[in-house]
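Here is how the chains run, residue by residue.
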Amino acid sequence: MGFKIVAITGSVQAKAKTRAALDIVLDEVTKRTDIEVDLIDPGTINLPLPGQNGDEGAIQELQDRVASATGVVLGTPEYHGSYSSVIKLVIDNLGYPSVLAGKPIGLLGVAAGEIGAIKALEHLRSVCSHVGALVLPGPVSIPSVHLMFDESGNCTDERMENRIRRLAETMTNYIEDHICPKITLEDMVRRNEQQGGA
């Protein structure tokens, strides 16, 4: 039984540290052969501002990719005490009701400051909960991000890298503990109905 994790980066800058951190999460996930990963880079998608007409095909493709996910990881830099406008634009284009509804969400934030992306993650948690997503415990906030990664995007702090990898473990553990049993039960009920309830 295969599953899919979608990661969405909240920065469109070249060599963004947000993307480097998400790459570590996805590297950990891909250690599992039963999980497919899909990285969404909003910089490559023509998403409209709220209230404006845009590329309906691009919006539908975004929604379909997220809708097909078993779980979603959102990565954001902290901008002016909150999450990035890029992440908000993505969320605003995920429909209403949102295709995030009912999905487990892992949160990852990066910041240049010493306290990390605490405010960004608090705000993002609130928005995700509002649209019906299931925000997982253990969000990862990376402080002084410019000191945590080298120019090639490698994490230079072993403890921080382990924390980032635990975000992947939290997601896969949730899927195994809560989604797998539900799917198995639904499959059993479906088979029973097909056999005439015998």
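All values derive from a computational prediction rather than experimental measurement.

K.L.:
Honestly, the pairing of strand E1 (residues 3-9) in this entry has me stumped. Any pointers?
P.N.:
Regular strands have side chains that alternate between both faces of the sheet. The buried fraction of E1 is high, at seven of seven residues. Of the pairings in the sheet, the one linking E1 to strand E2 (residues 35-40) comprises six bridges and is parallel in character. By the bridge assignment, Ile-5 is partnered in E2 with Val-37. Handedness of the crossover is the feature at issue here: the chain leaves E1, passes through helix H1 (residues 17-29), returns alongside E2, and the resulting connection is right-handed.

K.L.:
Before we go on, may I ask you to explain helix H3 (residues 85-92) in this structure?
P.N.:
One turn of an α-helix holds 3.6 residues; hence residues three or four places apart share an orientation. Of the residues making up H3, those classed as buried are Val-86, Ile-87, Val-90 and Ile-91. One side of H3 holds all its buried residues, which, seen down the axis, span an arc of 135°. The elements touched by buried residues of H3 are E1, helix H2 (56-67), strand E3 (71-77) and helix H4 (118-130).

K.L.:
Would you mind going over the pattern of salt bridges with me for this structure?
P.N.:
Where charged atoms of side chains with opposite charge meet at close range, the side chains can pair. Taken as a whole and assessed by the stated rule, the structure comprises 10 salt bridges. Linking Glu-28 and Lys-31 is a salt bridge whose minimum nitrogen-to-oxygen distance equals 3.0 Å. Here Arg-165 ties to Glu-28 by a salt bridge, and the two come within 2.9 Å at their closest N and O atoms. With Arg-165 in helix H6 (residues 158-194) and Glu-28 in helix H1, the pair connects residues that are 137 residues apart, well separated along the chain.

K.L.:
Before we go on, may I ask you to explain the side chain of Lys-103 in this structure?
P.N.:
Structurally, the position occupied by Lys-103 is in the loop between H3 and strand E4 (104-110). No salt bridge forms around the buried Lys-103; measuring N to O, its nearest opposite-charge neighbour Asp-64 is 11 Å away. Within the local environment of Lys-103, its side chain forms a polar contact with the backbone oxygen of Ala-67, the two atoms lying 3.0 Å apart. Not counting chain neighbours up to four residues away, the residues in contact with Lys-103 comprise Val-66, Ala-67, Ala-69, Val-72, Ala-133 and Leu-134.

Reading guide: rules and limits
- Residues numbered from 1 in each chain as written.
- Predicted model: local features only at pLDDT ≥ 70, side-chain atom pairs only at ≥ 80, totals over all residues.
- Heavy atoms only, no water.
- Buried < 20%, exposed > 50% of the residue type's maximum accessible area, 1.4 Å probe, protein only.
- Helix = DSSP H or I, 4+ residues; strand = E, 2+ residues; numbered from the N terminus.
- Pairing = 2+ DSSP bridges.
- Right-handed = clockwise from strand over helix to strand, strands pointing away.
- Arc of directions from axis to C-beta.
- Contact = heavy atoms within 4.5 Å.
- Salt bridge = Lys/Arg side-chain N within 4 Å of Asp/Glu carboxyl O.
- Lys, Arg positive; Asp, Glu negative; His and termini not counted.
- Polar contact = N/O pair within 3.5 Å; in protein donor to acceptor, adjacent residues only side chain to side chain.

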